[in-house]
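Structure assessment
Here's the letter readout for the chains.
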Amino acid sequence: TVERPALGAHRFDEDWRAYCRAHAGAGGDLPLEDRPKCLRIGEAGLLSLGSDLRLRAELSHRPEFGLDQAHDHVALLRAMSHADLRVGETLRVFAQLGSFFEGGRAEARKPTDLDRLDLVQGFVDLDYATGQGGVITVRGGRQELSLGSSRLVGVREGANVRRTFTGARAFWKRNDARVDALYVRPTTVETKLFDDGVDHGRLLYG
């Protein structure tokens, strides 16, 4: 029996191929809520769809440590939807759209509060199987990164708009071993439609 993949902090880490293959041709055996995860595209393609929704309330009493009498009663909305297309064992295209809103902040809006609609992630993967069960993946495009404990490089989960990077990443995996190489720049957060850009003043590589 193939278990249903768990939902992770990074939705692109989910791999539904084995689960969908186990239910191929099973008729009504696939649960209704899982059918958007197992959409067949031709003979070799598998399309998985998903969404995330977070509504967060922040209540702050005198956020300036008593220097003024202001109160913050803030509502933050994060809505994201993604599509994950895998073609065979080699090609993958992942795209995620996001819409982020804020209401009620008494002070100036934070840079990560608002982004009406934009491409949160959009990248292409190419996989190459090496010997002894290892796989090399080359990824290019806009993507989330979490390295180690995420203290230095992470998605900034506490903010309304998560952090992403634009560039290239390659990694080799075998069992629990992994080696990464990356060359990326932070994505800038703008407030209008599909206007996020790249911060050319900062570079992350290693």
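Overview of the structure.

Conventions used here
- Residues numbered from 1 in each chain as written.
- Predicted model: local features only at pLDDT ≥ 70, side-chain atom pairs only at ≥ 80, totals over all residues.
- Heavy atoms only, no water.
- Pairing = 2+ DSSP bridges.
- Helix = DSSP H or I, 4+ residues; strand = E, 2+ residues; numbered from the N terminus.
- Disulfide = S-S within 2.5 Å.
- Buried < 20%, exposed > 50% of the residue type's maximum accessible area, 1.4 Å probe, protein only.
- Phe/Tyr/Trp six-rings, centres within 6.5 Å; stacked < 30°, edge-to-face > 60°.
- 1 Å grid on protein atoms, 1.4 Å probe; cavity = no way out; pocket = protein on both sides within 12 Å on 5 of 7 lines; lining within 4 Å.
- Points joined across faces, edges and corners; volume = space filled by probe spheres on them.
- Nonpolar A, V, L, I, M, F, W, Y, C, P; charged D, E, K, R; others polar.

**With respect to the sheet that holds strand E1 (residues 39-41)**
Spatially, E1-E2-E3-E4-E5-E6-E7-E8-E9 is the arrangement adopted by the 9 strands of the open sheet, whose pairing is antiparallel. This sheet does not close on itself; its edge strands, each paired only once, are E1 and strand E9 (204-205).

**Focus on the state of the cysteines**
For the structure shown, the criterion picks out 1 disulfide. Through a disulfide, Cys20 is tied to Cys38; the S-S separation comes to 1.9 Å. The sign of the -75° torsion about the S-S bond sets the Cys20-Cys38 disulfide as left-handed. Placement of Cys20 in helix H1 (residues 17-22) and of Cys38 in the loop between H1 and E1 is noted, with a sequence separation of 18 residues between them. Neither residue differs from the other here; Cys20 and Cys38 are each classed as buried.

**Quick word on the packing of aromatic side chains**
For any pair of aromatic rings, geometry is given as the distance between the ring centres together with the angle between the planes. Enumeration according to the criterion identifies 5 aromatic pairs in this entry. Arranged with centres 6.1 Å apart and planes meeting at 85°, the rings of Phe12 and Phe94 form a pair that is edge-to-face. With Phe12 in the segment before H1 and Phe94 in strand E4 (residues 91-103), this pair connects stretches of sequence that are 82 residues apart. For the pair shown, Phe12 and Phe94 are each scored as buried. Each residue in the set Phe12, Phe94 and Phe123 is aromatic and connected to the rest through ring pairs, giving one cluster.

**Brief notes about the pairing of strand E5 (residues 115-129)**
With 9 bridges joining them, E4 and E5 adopt antiparallel strand pairing. Of the residues in E5, the one forming a bridge with Leu91 is Leu126. In the sheet, E5 pairs with strand E6 (residues 135-143) via 8 bridges, with the strands oriented antiparallel. If you follow Leu126 over to E6, its bridge partner there is Val138.

**Considering empty space enclosed by the protein**
Per the stated rule, a full pass over the model turns up 4 cavities of 30 Å³ or more. Computed from the structure, the largest cavity encloses a volume of approximately 80 Å³. Residue lining of the largest cavity: 13 residues in total, with Asp115, Val120, Val161, Arg162 and Asp196 positioned closest to the centre. Breaking the lining of the largest cavity down by element, the ones donating at least two residues are E4 and E5. It is E5 that provides the largest number of residues to the lining of the largest cavity, a total of 4 residues. Taken together, the residues that form the lining of the largest cavity break down as 5 nonpolar, 4 polar and 4 charged. Reported here for the second largest cavity is a volume of approximately 40 Å³. In terms of lining residues, the second largest cavity is bounded by Trp16, Arg17, Leu46, Ser48, Asp84 and Arg86. Among the residues forming the lining of the second largest cavity, the class breakdown is 2 nonpolar, 1 polar and 3 charged.

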